[in-house]
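So you can see what is in the structure, the chains are spelled out below.
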Amino acid sequence: MAADTRSVAALAAALTARDTTSETVTQACLDRIAELNPALNAFITVLASEALAQARDADRELAAGRRRSALHGVPISLKDLIDVRGTPTTAASRVREQHVAADDATVVRRLRKAGAVIVGKTNLHEFALGTTNEDSAFGPARHPLDPNRSPGGSSGGSAVSVAANMAYASIGTDTGGSIRIPSAMCGLVGLKPALGEIPTDGVVPLSTTLDHVGPLCRSVEDAGILYDVLRGIAPGTPAARPEPRRVRLGVLRGYFTALLDPQVAAAFEALCGRLRDAGVELHDADIAHATDLAPVYTHIVLAEAAAYHATTLESRGDQYTPNVRLRLEMGRYILAEDYMRALKGRGVLIQEVTDALKGRDGLLLPAVPVPATTIGAATVGVGASDEPVRNVTLRLTQLFNVTGHPAIQIPCGATVQGLPIGAQLVGHRDATPALLAVARALEPAFTIRTSA
């Protein structure tokens, strides 16, 4: 079956021009899910009849000249942490067996209002507490370029659904990198907006302090379209893109480039060279307390996750996957003083990232230190050392959940094996539209994305 690799924006134009129909492209997505999902395991729930009904409604409205948004009639997927009325929200866990959502999450109501077609709910690392998507009650999602590898997580099924052309975009969540990590590993654009911009009600929480909702898609333009819908405004003309020669970026060094796979390091330095050639002004930057990041992040996330799961850990503890249960049990032993110390450290890191952005349009750094890892691997070689997979994959993304600054992952290269490599742009706090404008201006300097 031929894959349709059009962006959301390109498909929207075709639907408006009546060059195709929503029913046609939705059926093609459903056919591709039926063909590929047995091997890739991207979807937990497929909403075929509902999606086709939504598509036919969209076609009637578009034919009558009523275009709700650039998402009108576009098939998308949702991470299965997000409530869809009348549909199970499994969080990829046996703990939530028999659960059926009573109402739509706010982001789903906004997607429906925009006319999006929801084709299904995607696989994830159980309760979003992991970076590989392999601890799932439904089995691991698999990388579309190599099924023996992880697509990253926790929004791994979302990334696979887009990279394998089973949906045109997906909505995921990001508490430590769970949108950006799988986007980087699967060759997609992934946006974590600024903290608090997108409502999280109706989304199963991991950490109420650090949770974000955002899109995984094929272009920065698509990310902007989805971002506007998710924050509840009608997508319009995006902010003017600055000329690259007027863009100033801080390149995060030190901690952020000290532990990189050689191919990731080479791709990142090549990107810096292309940006300089385009006229972008680059200056090295650092975050003084970056080495304190892991304990700050861990003490917040695990304490808050353990509090949310306290009752089910007592009554249904054996129904969690072993690794996720272990992390939640660890959270029960975090002292109040450790949690408060972590919140204080968070304040320090917020200020340091804010200071690093002063006089600059953004910060630049790699997205994930390693390419997609092998399913089942506990460690991964990075240079001369073996590093825990979870720790190394979180290393470069979790800071911006802690600080709440918006961050976007854009593909910037590939390994000799063809596995995608990505880089992040980070914007000023509460300035996601400006970050998207910079990202659109610089996207041509990033290399062609690799996808299935």
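A. The overall build of the protein chain, seen in detail. In terms of regular secondary structure, the protein chain is built from 15 helices and 13 strands. For the protein chain, the C-alpha radius of gyration of 20 Å lies close to 22 Å, the compact-globule estimate for 452 residues. Taking the principal axes of the C-alpha coordinates as reference, the protein chain spans close to 60 × 55 × 40 Å. For the protein chain, buried positions account for 61% of its 452 residues. Surface summary for the protein chain: the accessible area is close to 16200 Å², and the carbon and sulfur share equals 51%. One finds the centroid of the 44 positive side-chain charges in the protein chain at a distance of 4 Å from the centroid of its 46 negative side-chain charges.

B. Molecular detail of the sheet that holds strand β3 (residues 117-122). Taking strand neighbours across the sheet as the criterion, the 11 strands line up as β1-β3-β2-β4-β6-β5-β12-β13-β9-β7-β8 in an open arrangement whose pairing is mixed. On the outer flanks of this sheet lie β1 (43-46) and β8 (281-285), each paired with one strand and no other. Geometrically, the sheet is characterised by an average inter-axis angle of 30 degrees between neighbouring strands, direction not taken into account. Pairing of strand β9 (residues 362-366) with strand β13 (residues 420-426), which is carried by 4 bridges, proceeds in the antiparallel orientation. Within the sheet, the bridge partner assigned to Leu 363 lies in β13 and is Val 426.

C. Focus on the packing of helix α9 (residues 293-308) against helix α11 (residues 322-331). At a minimum axis separation of 7 Å, α9 and α11 run at an interaxial angle of 100 degrees. On the basis of the axis angle, α9 is roughly perpendicular to α11. Listed contacts from α11 to Leu 302, Ala 303, Ala 305 and Ala 306 of α9 are Arg 327, Leu 328, Met 330 and Gly 331. Tallied by class, residues from the contact of α9 with α11 come to 6 nonpolar, 1 polar and 1 charged.

D. Structural view of the nonpolar core. In terms of nonpolar packing, the biggest core is built from 122 residues, with Leu 71, Leu 364, Ile 408 and Leu 425 touching the most fellow members. By residue number, the principal contributor to this core is α9, which donates 8 residues. Contact partners of Ile 408, with chain neighbours within four places excluded, come to Val 189, Gly 190, Leu 191, Val 220, Ala 223, Ala 423, Gln 424, Leu 425, Leu 435, Leu 436 and Ala 439. Formed by 15 residues, the second largest nonpolar core is a distinct cluster that contains Leu 36, Leu 40, Val 160 and Ala 167.

E. Here's a closer look at the confidence of the model for the protein chain. Chain-level statistics for the protein chain give a pLDDT mean of 96 and a share of 98% at 70 or above. Here strand β11 (residues 385-388) stands out as the least confident element of the protein chain, with mean pLDDT 95; strand β2 (residues 75-79) is the most confident, with 99.

F. Highlighting the pattern of salt bridges. The final tally for this structure, using the stated rule, is 23 salt bridges. Residue Asp 80 pairs with Lys 121 through a salt bridge whose shortest N-O separation is 2.9 Å. Highlighted residues: Asp 80 in the loop between β2 and α4 (106-113) and Lys 121 in strand β3, separated in sequence by 41 residues. Here Asp 80 falls in the buried class, since its relative accessible area comes to 0%. The partner of Arg 180 in a salt bridge is Asp 174, with the nearest N and O atoms 2.9 Å apart.

G. Quick look at the packing of aromatic side chains. For the coordinates displayed, the defined rule picks out 2 aromatic pairs. Centroid distance Tyr 255 to Phe 256: 5.1 Å. Interplanar angle 85 degrees. Geometry classified as edge-to-face. In terms of burial, Tyr 255 and Phe 256 fall into one category: buried. The ring of Tyr 255 has Arg 395 sitting right over it, with the charged end atom 3.9 Å from the ring centre.

H. Local environment of the side chain of Ser 77. Along the chain, Ser 77 falls in strand β2. Given a relative accessible area of 0%, Ser 77 falls into the buried group. Within the local environment of Ser 77, its side chain forms a polar contact with the side chain of Ser 161, the two groups lying 2.9 Å apart. What Ser 77 contacts, discounting residues up to four positions off in sequence, is Phe 43, Val 119, Gly 120, Thr 122, Ser 161, Ala 167, Ala 169, Ser 170 and Ile 171.

I. Representation of helix α2 (residues 22-40) in the model. At Ala 34, α2 is deflected by roughly 35 degrees, the largest bend along its length, and proline Pro 38 occurs up to four residues later in sequence. Taken residue by residue, α2 has Ser 22, Val 25, Thr 26, Cys 29, Leu 30, Arg 32, Ile 33, Leu 36, Asn 37 and Leu 40 as its buried positions. Taken together, the buried residues of α2 touch α1 (8-16), β1, α3 (48-63), β2, β3 and α5 (156-163). In the stretch just after α2, Asn 41 is the one whose phi turns positive, near 60 degrees.

J. Representation of the pairing of strand β4 (residues 170-174). Of all 5 residues making up β4, 5 are buried, and the element is well covered by its neighbours. Because side chains alternate across β4, one face comprises the buried residues Ser 170, Gly 172 and Asp 174, and the other comprises Ile 171 and Thr 173, equally buried. Sheet topology places β4 next to strand β6 (residues 212-217); 5 bridges connect them, and they run antiparallel. Bridging across to β6, Thr 173 finds its partner in Val 213.

K. Quick peek at unusual backbone geometry. In this structure, the amide linkage connecting Gly 153 to the following residue, Ser 154, adopts the cis form with an omega of 10 degrees. Summarising the element assignment, Ser 154 is placed in the loop between β3 and α5. Of note in this structure, Asn 165 is not a glycine but carries a positive phi near 60 degrees. Within the element layout of this structure, Asn 165 appears in the loop between α5 and β4. Taking the relative accessible area as the measure of exposure, Asn 165 reaches 5% and is therefore buried.

L. Focus on the environment of Gly 214. With respect to the element layout, Gly 214 can be found in strand β6. A residue is classified by how much of its surface remains accessible, and Gly 214, at 0% relative accessible area, is buried. Placed 195 residues apart in sequence, Gly 214 and Gln 409 show a C-alpha to C-alpha distance of 12 Å. Setting aside anything within four residues of it in sequence, one finds Gly 214 in contact with Ser 170, Ile 171, Gly 172, Ile 179, Leu 191, Pro 193 and Leu 230.

Calculation rules
Residues numbered from 1 in each chain as written. Predicted model: local features only at pLDDT ≥ 70, side-chain atom pairs only at ≥ 80, totals over all residues. Heavy atoms only, no water. Helix = DSSP H or I, 4+ residues; strand = E, 2+ residues; numbered from the N terminus. Rg over C-alpha atoms; globule rule 2.2 N^0.38 Å. Buried < 20%, exposed > 50% of the residue type's maximum accessible area, 1.4 Å probe, protein only. Areas by Shrake-Rupley, 256 points an atom, 1.4 Å probe, with all protein chains shown as cover. Lys, Arg positive; Asp, Glu negative; His and termini not counted. Charge placed at Lys NZ, Arg CZ, Asp CG, Glu CD. Pairing = 2+ DSSP bridges. Axes fitted to C-alpha atoms, helices over the stretch in contact; angles between N-to-C directions. Parallel < 35°, antiparallel > 145°, perpendicular 65-115°, else oblique. Contact = heavy atoms within 4.5 Å. Nonpolar A, V, L, I, M, F, W, Y, C, P; charged D, E, K, R; others polar. Core = buried A, V, L, I, M, F, W, Y, C linked by side-chain atoms within 4.5 Å. pLDDT = per-residue confidence, 0-100. Salt bridge = Lys/Arg side-chain N within 4 Å of Asp/Glu carboxyl O. Phe/Tyr/Trp six-rings, centres within 6.5 Å; stacked < 30°, edge-to-face > 60°. Lys NZ or Arg CZ within 6 Å of the ring centre and 35° of its normal. Polar contact = N/O pair within 3.5 Å; in protein donor to acceptor, adjacent residues only side chain to side chain. Bend = angle between axes of the 7 residues up to and from the residue.

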